[in-house]
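Residue strings, one per chain:
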Amino acid sequence: MTTFSKTDHRHMARALQLARKGLTTAHPNPRVGCVFVRDGAVIGEGWHRAAGEAHAEVNAIAAAGGSAEGATAYVTLEPCASTGKTGPCTEALVRAGVARVIFAVDDPSQHSGGRPSTTLEHAGVEVATGLMQAEARKLNEGFLMRISRHRPFVRLKVAASLDGATAMRNGESQWITGEAARKDVQKLRAMSGAIMTGVGTVLADDPLLTVRDTSLVMRQPLRVVIDSRLRTPPVARLLAQPGDTAFFCTEDRGREALEESGAAVYRVATDRGRVDLAFVLPKLAELRINDVLVEAGPGLSGSLLAGGYVDELVIYQAPHMMGSETMGIITTPGWTALNDRLQLDLRDIRRVGQDLRIIARPASSGGGN
């Protein structure tokens, strides 16, 4: 096992910092950062901004200005060996004359034709892996889950009162949380390849499901509506927004009107009269969606949780009580005993404005790790 120095850790930490610059723009590609170091000095840095643009390693080579020979490259993800819209990074690194490549985590999308690291080693480049692996995996857990498990990472967002209400019984829900929490949700949207909701939310709230600060994204996330009988009206506001919308249904009567509005309609199998979510997530993976943010009512939220499809919950809890005439966070008719409860592993609790933000994961879930 390779032993890494404090200097190695410092340079990889910088590469991870660079990779985070692509947090909201790189998808469906992974977020990658790269640092070139020679004789103890940083000679070039790069990160991947968007699909179709130069990869982090190529940008770092360009920044090094022809001085990369004999350098060590610190990369957050295994350099690619495939040719897509850009050339293989392994070839670029070899041509640049780097002596050593240290990468944090393997890229399973590159292993069908042999490992890229083997290509580097055959060219005389020293290769080491595993440095700050946990941090690098977390940065790209949606991408890694899509490649290895053929489904996106699913993040369920909830806004609730202190007594667990998400809306009044009559449907009134704006606004439960404060402005700071709502701005924080915009960041979650920008980090996601898709935003999912149910038809009940569309009919009740007529949401936009967009990232309001367009400077955060290269393009709007895919809007996904779970609508078994296609009850969404063609005049729904989300259909008139920039970006794409996809509907998943079990009965597709009336699909023409939605398709004329530019939406895609997918008819999938039924699960007790509803869309079988087991067919939705693999389809989203086929559409190259790495991360899904769910902003839905208690029915769809409960179905996702009960089905084991939620990898992370982000709960914004407002410091007020809404009383008894309300709707709860989830509807789970199958949970009838205390033993049915879902144990959560709390990952982070912090204050956002006047609200609390709780990040938790199902205790049985690896969260893509």
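One can find the structure itself at the top, above this paragraph.
Summarised in this report is the structure supplied together with it. (Residues numbered from 1 in each chain as written. Predicted model: local features only at pLDDT ≥ 70, side-chain atom pairs only at ≥ 80, totals over all residues. Heavy atoms only, no water.)

The subject of this paragraph is the packing of aromatic side chains. A complete count under the given rule lists 1 aromatic pair for this structure. A centroid spacing of 5.2 Å and a plane angle of 25° characterise the contact between Phe248 and Tyr266, whose relative ring orientation is stacked. Highlighted residues: Phe248 in strand β10 (residues 245–249) and Tyr266 in strand β11 (residues 264–267), separated in sequence by 18 residues. The class of Phe248 is buried, set by a relative accessible area of 0%. Tyr266 gets classed as partly exposed once you look at its relative accessible area, which sits at 22%. The ring of Trp175 has Arg182 lying over it, and the distance from NZ or CZ to the ring centre is 4.6 Å. (Phe/Tyr/Trp six-rings, centres within 6.5 Å; stacked < 30°, edge-to-face > 60°. Helix = DSSP H or I, 4+ residues; strand = E, 2+ residues; numbered from the N terminus. Buried < 20%, exposed > 50% of the residue type's maximum accessible area, 1.4 Å probe, protein only. Lys NZ or Arg CZ within 6 Å of the ring centre and 35° of its normal.)

Look at helix α7 (residues 179–190): 17 Å from first C-alpha to last across 12 residues, which is about the 16 Å you get at 1.5 Å a residue. Where α7 is buried, its residues touch β6 (153–161), β8 (194–198), β14 (291–294), β15 (312–318), β17 (344–352) and β18 (355–362). (Expected span 1.5 Å × (residues − 1). Contact = heavy atoms within 4.5 Å.)

The next thing to look at is the sheet that holds strand β2 (residues 41–47). Reading across the sheet, the 5 strands line up as β2-β1-β3-β4-β5 and stay open at both edges, with mixed pairing between neighbours. The open sheet is flanked by β2 and β5 (126–129), the only strands paired with a single partner. With direction set aside, neighbouring strand axes in the sheet form an average angle of 15°. Examined bridge by bridge, strand β1 (residues 33–38) and strand β3 (residues 72–77) share 4 bridges and lie antiparallel to one another. Within β3, the residue paired with Val37 across the bridge is Thr72. Strands β1, β2, β3 and β4 (100–105) of the sheet are contacted by helix α1 (residues 6–19), whose axis makes an angle of about 145° with β1. (Pairing = 2+ DSSP bridges. Axes fitted to C-alpha atoms, helices over the stretch in contact; angles between N-to-C directions.)

This part covers the pairing of β6. Of all 9 residues in β6, 9 are buried, a share of seventy percent or more. Neither face of β6 is exposed, since Phe153, Arg155, Lys157, Ala159 and Ser161 on one face and Val154, Leu156, Val158 and Ala160 on the opposite face are all buried. Pairing of β6 with β15, which is carried by 7 bridges, proceeds in the parallel orientation. Along β15, the bridge assignment pairs Ala160 with Gln317.

Pairing between side chains of opposite charge can happen when their charged atoms approach one another. Considering all chains together, one arrives at 24 salt bridges under this definition. One salt bridge connects Glu179 with Lys183, and the closest N-O pair in it is separated by 3.6 Å. Pair noted here: Glu179 and Lys183 are both in helix α7, with a separation of 4 residues, about one helical turn. By the burial criterion, Glu179 is exposed, and Lys183 matches it. Residues participating in the shared-partner salt-bridge network are Lys138, Glu141, Arg155, Glu312 and Arg361. (Salt bridge = Lys/Arg side-chain N within 4 Å of Asp/Glu carboxyl O.)

Let us look at the nonpolar core. Residues Met12, Phe36, Leu93 and Val101 are the most contacted members of the largest nonpolar core, which totals 39 residues. If we skip the residues at most four places from it in the chain, Met12 touches Tyr74, Val75, Thr76, Ile102, Phe103, Ala104, Leu131 and Met132. Among the nonpolar cores identified, the runner-up in size contains 27 residues, and Val224, Leu277, Val310 and Ile358 belong to it. (Core = buried A, V, L, I, M, F, W, Y, C linked by side-chain atoms within 4.5 Å.)

The linkage connecting His27 with the following residue, Pro28, adopts the cis geometry, with an omega of 15°. Mapped onto the elements of the fold, Pro28 is located in the loop between α1 and β1. Residues other than glycine seldom take positive phi values, yet His150 does so here, at roughly 60°. Following the sequence through the fold, His150 ends up in the loop between α6 (141–149) and β6. Phi at Leu209 takes a positive value of approximately 55°, unusual for a residue other than glycine. With respect to the helices and strands, Leu209 occurs in the loop between α8 (199–205) and β9 (222–226).

Note on helix geometry: an α-helix contains 3.6 residues per turn, so any two residues three or four positions apart are oriented the same way. Residues of helix α3 (residues 89–96) that are buried: Cys89, Thr90, Ala92, Leu93 and Ala96. Down the axis of α3, the buried side of the element spans an arc of 165°, and every buried residue falls inside it. Against the buried residues of α3 lie β1, α2 (56–64), β3, β4 and α4 (116–122). Immediately beyond the C-terminal end of α3, within one or two residues, lies Gly97, with a positive phi of roughly 85°. (Arc of directions from axis to C-beta.)

The next point concerns the pairing of β2. In terms of strand pairing, β1 meets β2 through 6 bridges, oriented antiparallel. When the bridges of β2 are listed, Arg38 appears paired with Ala41. Turn length for the β1-β2 hairpin, with the two strands adjacent in sequence and antiparallel, is 2 residues, and the turn residue Asp39 shows positive phi of about 55°.

What follows covers the sheet that holds β18. Ordered by their spatial adjacency, 9 strands build an open sheet running β11-β10-β9-β8-β14-β6-β15-β18-β17, and the pairing between neighbours is mixed. The two strands at the open ends of the sheet, each matched to only one other strand, are β11 and β17. For this sheet the average axis-to-axis angle between neighbouring strands, irrespective of direction, equals 20°. Bridge count between β17 and β18: 8 bridges; the pairing is antiparallel. Residue pairing in the sheet places Arg351 in a bridge with Leu356 of β18. Contacting β6, β14 and β18, α6 crosses the sheet at an angle of about 130° to β6. Against the sheet, helix α10 (residues 277–286) touches β6, β8, β9, β10, β11 and β14, its axis set at about 165° to β9.

Function cannot be inferred from these measures alone, as they are strictly geometric.
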